[in-house]
Amino acid sequence: MTVSISHLVVAGWAGRHQAEVQHHIEELAKLGVPAPKSTPEFYKLSANRVTTDAAIQVMGSASSGEVEAVILAWGGKLWVGVGSDHTDREAERHGIALSKQLCEKPVASTFWAFEDLEAHWDRLELRSYIPEQGKNILYQHGALSGLLPVAELISKHSDTKALADGTILFCGTVSAIGGIRPAPAFGMELHDPVLKRTISHHYVCHEL
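Here the structure is a predicted model, which is why all the values come from computation and not from measurement.

J.: It is not clear to me how the sheet that holds strand β12 (residues 135–143) should be interpreted in this structure. Could you clarify?
T.: The strands that make up a sheet are held in pairs by hydrogen bonds between backbone atoms, and each pair lies either parallel or antiparallel. The five strands lie next to each other as β4-β15-β14-β11-β12, forming an open sheet whose pairing is mixed. Two strands lie at the open edges of the sheet, namely β4 (55–58) and β12, each paired on one side alone. Along the sheet, successive strands turn relative to each other by an average axial angle of 25°, direction set aside. In terms of strand pairing, β4 meets strand β15 (residues 197–207) through four bridges, oriented parallel.

Here it is as structure tokens:
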């Protein structure tokens, strides 16, 4: 199935529990990123930033990935995949929307029907990996129970409580183990322990 993406929305500070949201705010504060005025926040970006390629180009060495579940509205249904809200951390100090717009948003090409996951949504797990000191280490790991439910996230974003066909919504991330830091490559997974399946994607970053 070929999908045409016309709208890209990235949710920020989308944690379900205020303590976890505050932890992520403090993570970014260490990088000089100002705290949001309210949570969650939604950033509308260019749809052509979405890519399924195994490589992206970045400006300098200060960018990093963030694994997220992504919701795709297509054919009158919702679909679920995994993506990375790759962000320029240097630019983020000056403007969050700018920092996100500067980077491509890699996503896996596999999507599952949301209706097959809705009943056990909170049990789905996000994982990401980065190369560090010659090893591929676990960088992020958390269940979707720590993030806002899909219906609530969509209702906070849209007055119609629905996503237009061709929209991809990044649903928020989990904390980085050991703090946010750049890496030359990024691996990500969305794991379903109930149906025993995993969507995975890996990409490398080429510095310009």
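Alright, that's what it looks like, and here's the rest.
J.: Looking at this structure, I do not really get the state of the cysteines. What am I missing?
T.: A disulfide bridge is the covalent bond that connects two cysteines by way of their sulfur atoms. Summed over the entire model, instances satisfying the criterion amount to zero disulfides. The thiol of C205 is not disulfide-bonded; the next cysteine sulfur, from C103, is found 8.3 Å away. Judged by relative accessible area, C205 falls into the buried class, the value being 12%.

J.: Any chance you could explain the pattern of salt bridges here in plain terms?
T.: Pairing between side chains of opposite charge can happen when their charged atoms approach one another. Per the counting criterion, the structure on display carries twelve salt bridges. Between E189 and R127 there is a salt bridge; the shortest N-O distance is 3.1 Å. You can see E189 sitting in strand β14 (residues 185–192) and its partner R127 sitting in strand β11 (residues 125–132), a full 62 residues away along the chain. Salt-bridge contacts for D192 lead to R197; the nearest nitrogen and oxygen are separated by 3.8 Å. Overall, R197 belongs to the partly exposed group, its relative accessible area being 26%. Connected through salt bridges with shared partners, the residues E66, R89 and E92 form a single ionic network.

J.: How should I be thinking about the side chain of S99 in this particular structure?
T.: Mapped onto the elements, S99 comes out in helix α3 (residues 96–101). What makes S99 buried here is its relative accessible area of 0%. Apart from residues no more than four positions distant in its own chain, S99 is found in contact with T87, D88, A91 and E92.

J.: Got a minute to help me understand the side chain of S84 in this structure?
T.: Of note, S84 is situated in strand β7 (residues 77–84). The buried category is assigned to S84, whose relative accessible area is 0%. Not counting chain neighbours up to four residues away, the residues in contact with S84 comprise G65, E66, K105, P106, F170, F186, M188 and Y203.

Thresholds applied
Within each chain, residue numbers correspond to sequence positions counted from 1 in written order. Given that this is a predicted model, residues contribute local features only at a pLDDT of at least 70 and side-chain atom pairs are listed and counted only at 80 or more, while totals for whole chains, interfaces and linings are drawn from all residues. Where side-chain values are given, they derive from all heavy atoms of the structure, hydrogens and water being excluded. DSSP calls a pair of strands paired once it identifies at least 2 bridges connecting them. Under the scheme used here, helices are H or I runs from DSSP no shorter than 4 residues and strands are E runs no shorter than 2 residues, and both carry numbers assigned from the N terminus. Axis lines are fitted through C-alpha atoms, for helices just across the contact stretch, and the angle between N-to-C directions can take any value from 0 to 180 degrees. For the purposes of this analysis, a disulfide is any pair of cysteine sulfur atoms at a distance within 2.5 Å. Three labels apply to residues, based on accessible area from a 1.4 Å probe with only protein chains included: buried if under 20% of the type maximum, exposed if over 50%, partly exposed otherwise in between. We count a salt bridge whenever a side-chain nitrogen from Lys or Arg sits within 4 Å of a carboxyl oxygen from Asp or Glu. Should any heavy atoms of two residues lie within 4.5 Å, those residues are counted as being in contact.

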